[in-house]
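Fold and geometry: a report
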Amino acid sequence: MSTYTLQKAIRNINRRPDARTEFESAPEAFAARYELSAAEKSALLARDYGALYRLGVHGLLLRPFSLLRAVPEADYLAAIRRDA
Amino acid sequence: MSIAFACAVSHAPGIVAWRDAAPVEQRDRLYAGLESLRARLAAAHLDELVLFTCEHWTNFFLDHISPFCIGRADKYVGPVEPWLKIAKTEIAGDPELATAMLEHCYANDLEPGFAFEMELDHGTIIPLHFLAPDFKLPIVPVMFNTLAAPQPSVRRAFALGRALGEVIRRSPRRIGVIATGGMSHDPGERNHGAIDEALDREFLAAMSAGDVERITRWTTHEFAAAGAGTIELLAWVALAGALGRFRGEVVAYEPVRPWATGMGLMWLEEHGS
């Protein structure tokens, strides 16, 4: 169920301007609204795309999340393919 | 009345947002193909459009997933993506047609979900941007869950299309159907960039021939094996169901590596259904 919550947090950042703003300006406060494991929280706050992928975040949530920071495709793919 | 216009198109966002990343020859052939579909759609003098479409966590989320979801809103807004390079637009809906579709489905042992509010992402906006660029035709979006397993079976997508085709055909209005999604691609996943050209071409051949027996022998699992996004071919399968007896013409097919998608454009017409 926890992966569900992590994906919900990322989906909210992608889709809701208010959530996106809070994640940018007060990431700890944003993350505290969600019941995340320590690994999930740290991967989210670090925008560790590889870790988020391995935790089970869907590619169509994760790639748009990375696009918010204009992460180049090659960098994104290198991150999610690490330890494949 | 027969279905007044039908086509199937891929909707990789690169075709707008990263257009210059693609080889110019491929891009030009796809833009020419889209232009020919736009002209055919215009010549059909449609009253409205039904879209068999897929989405990307815009409306569907894991708190509630329907296998199919018919839009009953009187208007829609999209695209939701700020990076798509298409201005946000309002598009009229047709809740009356949507309700007729639902009633017909439920009377025939099919139970799609429905929604009175939906936002549109590139999956629906890109085909409209190219094919009905003034966004003036009212639409009924029929969303397919291609995201979260288990996704609908090919046979079920075909049956849904068949039922919706019956409603479209008996309407006095001139209704076109656009299926959008696919072809093979694995967006955002580890095999992002991989294109299964053999599957794409075999699927296009079956659609061209109106070979319903072959089309409905594919499985959702086989689509998924060619990349998560390939499951969006369920929308094309539903179009085959809607059309009854039909043939198709491949307007363009280009495996566009920089857009990470097998880009297919097909025009279809009924004959003697």
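1. Side note on the overall build of chain B
Helix and strand counts for chain B come out as nine helices and 10 strands. Since a compact globule built from 273 residues should have a radius of gyration of about 19 Å, the 17 Å found for chain B is in line with a globular shape. Each principal axis of the C-alpha atoms in chain B carries an extent, and together these give about 45 × 40 × 40 Å. Looking at the 273 residues of chain B, the share that counts as buried comes to 56%.

2. With respect to the overall build of chain A
Within chain A, the secondary structure is distributed over seven helices and zero strands. Ordered by position from the N terminus, the helices and strands of chain A form the series α-α-α-α-α-α-α. Taking 2.2 N^0.38 as the reference for a compact globule, 84 residues should give roughly 12 Å; the C-alpha atoms of chain A span a radius of gyration of 12 Å, in line with that estimate. Based on the C-alpha atoms only, the size of chain A along its principal axes is roughly 30 × 25 × 20 Å. The buried share of chain A, taken over its 84 residues, is 33%.

3. Some words on the environment of B:Val50
Residues and elements named next belong to chain B. One can find Val50 in strand 2 (residues 48-54). Residue classification places Val50 among the buried positions, given that 30 C-beta atoms sit within 10 Å. When the C-alpha positions of Val50 and Ala228 are compared, they lie 24 Å apart, and in sequence the two are 178 residues distant. Not counting the four nearest positions on each side in its chain, Val50 is found in contact with Val140, Val142, Leu164, Ile168, Ile175 and Val177.

4. Here we look at the environment of B:Phe5
All names here are of chain B. As for its placement among the helices and strands, Phe5 is situated in strand 1 (residues 5-9). Residue class for Phe5 comes out buried when judged on the 23 C-beta atoms lying within 10 Å of it. When the C-alpha positions of Phe5 and Glu269 are compared, they lie 7.2 Å apart, and in sequence the two are 264 residues distant. In this structure, Phe5 is in contact with Arg40, Leu41, Ala44, Leu46 and Gly176, ignoring residues within four places of it in sequence.

5. Observations regarding the sheet that holds strand 7 (residues 139-144) of chain B
Either a parallel or an antiparallel arrangement is found when strands of a sheet pair, and the pairing is made through backbone hydrogen bonds. Residues and elements named next belong to chain B. Taken together, eight strands build an open sheet; the order of strands is 6-3-7-2-8-1-10-9 and the sheet is mixed. At either margin of the open sheet sits one strand with a lone partner, and together these are strand 6 (113-115) and strand 9 (246-256). Taken over all neighbouring pairs, the strand axes of this sheet differ in orientation by 15° on average, direction set aside. Two strands pair when backbone bridges link them, and strand 9 and strand 10 (residues 261-270) are joined in this way by 10 bridges, in the antiparallel orientation. Its bridge partner lying in strand 10, Tyr253 is registered against Gly264. Across the sheet, helix 3 (residues 95-107) touches strand 3 (68-71), strand 6 and strand 7, and the angle it forms with strand 3 is around 145°.

6. Things to note about the nonpolar core
Among the nonpolar cores identified, the biggest contains 111 residues, and B:Val177, B:Ala235, B:Val237, B:Ala238 and B:Leu239 are the most heavily contacted of them. For this core, the element with the highest residue contribution is helix 9 (residues 233-243) of chain B, accounting for 10 residues.

7. Some remarks on the pairing of strand 7 of chain B
Residue and element names in this part refer to chain B. Among the six residues of strand 7, six are classified as buried, and the element is accordingly described as predominantly covered. Across six bridges, strand 2 lies against strand 7 in parallel orientation. Following the sheet pairing, Thr53 is matched in strand 7 by Met143. Both strand 3 and strand 7 contribute to a ladder of three bridges, which runs antiparallel. Bridge pairing links Cys69 to Met143 in strand 7.

Criteria and cut-off values
- Residues numbered from 1 in each chain as written.
- Chains lettered and ligands numbered in written order.
- Predicted model: local features only at pLDDT ≥ 70, side-chain atom pairs only at ≥ 80, totals over all residues.
- Helix = DSSP H or I, 4+ residues; strand = E, 2+ residues; numbered from the N terminus.
- Rg over C-alpha atoms; globule rule 2.2 N^0.38 Å.
- Buried ≥ 20, exposed ≤ 12 C-beta atoms within 10 Å, placed from the backbone.
- Contact = placed C-beta atoms within 7 Å.
- Pairing = 2+ DSSP bridges.
- Axes fitted to C-alpha atoms, helices over the stretch in contact; angles between N-to-C directions.
- Core = buried A, V, L, I, M, F, W, Y, C linked by C-beta atoms within 7 Å.

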